[in-house]
Amino acid sequence: MSDNLPRMDYRQHRRARRLVHECCNYDEGNCLLLDDGEPCVCVQSISLSLMCRWFRVAVLPLDGELAAALLYRGSRKRCEVCGAAFVPKSNRGKYCPDCAGRMKKLKAAERKRKQRQKCHALEPFKPA
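Here the structure is a predicted model, which means the values were calculated and not measured. Here the residue index of a chain counts from 1 through its sequence in written order. Restriction of local features to residues with pLDDT of at least 70 applies here, the model being predicted, together with a cutoff of 80 or more for giving and counting side-chain atom pairs; totals for whole chains, interfaces and linings are based on all residues. Heavy atoms throughout the structure, all of them, feed into the side-chain values; hydrogens and water do not.

Details of empty space enclosed by the protein
Using protein atoms alone on a 1 Å grid, points that fit a 1.4 Å probe yet trap it form a cavity, whereas open point sets bounded by protein on both sides within 12 Å along at least five of seven lines form a pocket; residues with an atom within 4 Å of a point count as lining. Grid points are joined across faces, edges and corners, and a volume is the space filled by probe spheres set on the points. For the structure shown, the criterion picks out one cavity of 30 Å³ or more. By volume, the largest cavity amounts to about 50 Å³. Surrounding the largest cavity, Val-20, Cys-23, Asn-25, Tyr-26, Cys-31, Cys-42, Gln-44, Cys-52 and Phe-55 form its lining. A breakdown of the residues in the lining of the largest cavity according to their chemical character gives seven nonpolar, two polar and no charged. Each residue is assigned to one class: nonpolar for Ala, Val, Leu, Ile, Met, Phe, Trp, Tyr, Cys and Pro, charged for Asp, Glu, Lys and Arg, and polar for all the others, Gly among them.

Below, the structure written as structure tokens:
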């Protein structure tokens, strides 16, 4: 079972510990799902692997870069603009979702600029 659990380095563990507080089952350091009458420490806050299934499904996607780094190690890419790790929606994806919209606008502006340059729409009219 522990062979297929993603392992975290220290920086990833610190980011995951900050996310543990966002979990709906977190109650002052204890896990409500594991509570059977006496308080039980949240396993995700003390482990270097992703042991809690609820955390993996519901809480980890709140930090997209950390989720891509831990869950989609083989299929993740780096954004060409900011360098953040992300999971592409297709095999041609080059930009993270944050940069994709900005790059789409820049590329469209450049394409229209070339189109106008090609048809000489920006040059002043010279009668022959």
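Once you've had a look at it, read on.
Here's the deal with the nonpolar core
We define a nonpolar core as any set of buried Ala, Val, Leu, Ile, Met, Phe, Trp, Tyr and Cys residues linked to one another through side-chain atoms lying within 4.5 Å. Under the scheme applied here, a residue whose accessible area is under 20% of the maximum for its type counts as buried, over 50% as exposed, and between as partly exposed, the area being computed with a 1.4 Å probe on protein chains only. Within the largest apolar cluster, 15 residues are counted, with the highest numbers of intra-cluster contacts made by Leu-19, Leu-50, Phe-55, Leu-60, Leu-66 and Leu-70. Those residues in contact with Leu-19, other than ones at most four positions away along the chain, are Phe-55, Val-59, Leu-60, Leu-62, Asp-63 and Leu-66. The next biggest cluster of nonpolar side chains, apart from the first, holds six residues, and it includes Cys-79, Phe-86, Tyr-95 and Met-103. Contacts between residues were defined by any pair of non-hydrogen atoms, one from each residue, lying within 4.5 Å.

Observations concerning the layout of surface pockets
Any empty space left between atoms is shown by rolling a water-sized probe over those atoms. Here the largest pocket is characterised by a volume of approximately 440 Å³. Contributing to the lining of the largest pocket are 21 residues, with Phe-86, Val-87, Tyr-95, Cys-96 and Pro-97 lying nearest its centre. Listed by contribution, the elements that provide at least two residues to the lining of the largest pocket are helix 4 (64-71), strand 4 (85-86) and helix 5 (97-118). What counts as a helix is a DSSP run of H or I of at least four residues, what counts as a strand is a run of E of at least two, and both are numbered from the N terminus. Among the elements that line the lining of the largest pocket, the one with the most residues is helix 4, at five residues. Classifying every residue of the lining of the largest pocket by side-chain character gives 14 nonpolar, three polar and four charged. Mapped onto the domain boundaries, the lining of the largest pocket takes at least three residues apiece from domain 1 (8-70) and domain 2 (75-116). Each domain's extent is set by a domain assignment, obtained either automatically or from a database.

Observations regarding the packing of helix 1 (residues 10-20) against helix 4
Fitted lines through C-alpha atoms serve as axes, helices being fitted only where they are in contact, and the angles separating the N-to-C directions of these axes extend from 0 to 180 degrees. Their axes nearest at 11 Å, the elements helix 1 and helix 4 cross at an angle of 125 degrees. Between helix 1 and helix 4, the interaxial angle falls into the category oblique. Crossing handedness for the pair helix 1 and helix 4: left-handed. Contact residues: Gln-12, Arg-15, Ala-16 and Leu-19 in helix 1; Glu-65, Leu-66, Ala-69 and Leu-70 in helix 4. Broken down by class, the residue content of the contact of helix 1 with helix 4 amounts to five nonpolar, one polar and two charged. Here roughly perpendicular refers to angles of 65 to 115 degrees, roughly parallel to angles under 35, roughly antiparallel to angles over 145, and oblique to all remaining angles. Crossing handedness follows the turn of the near helix against the far one: under a right angle anticlockwise gives a left-handed crossing, and clockwise gives a right-handed one.

All we've got here are geometric facts, nothing functional implied.
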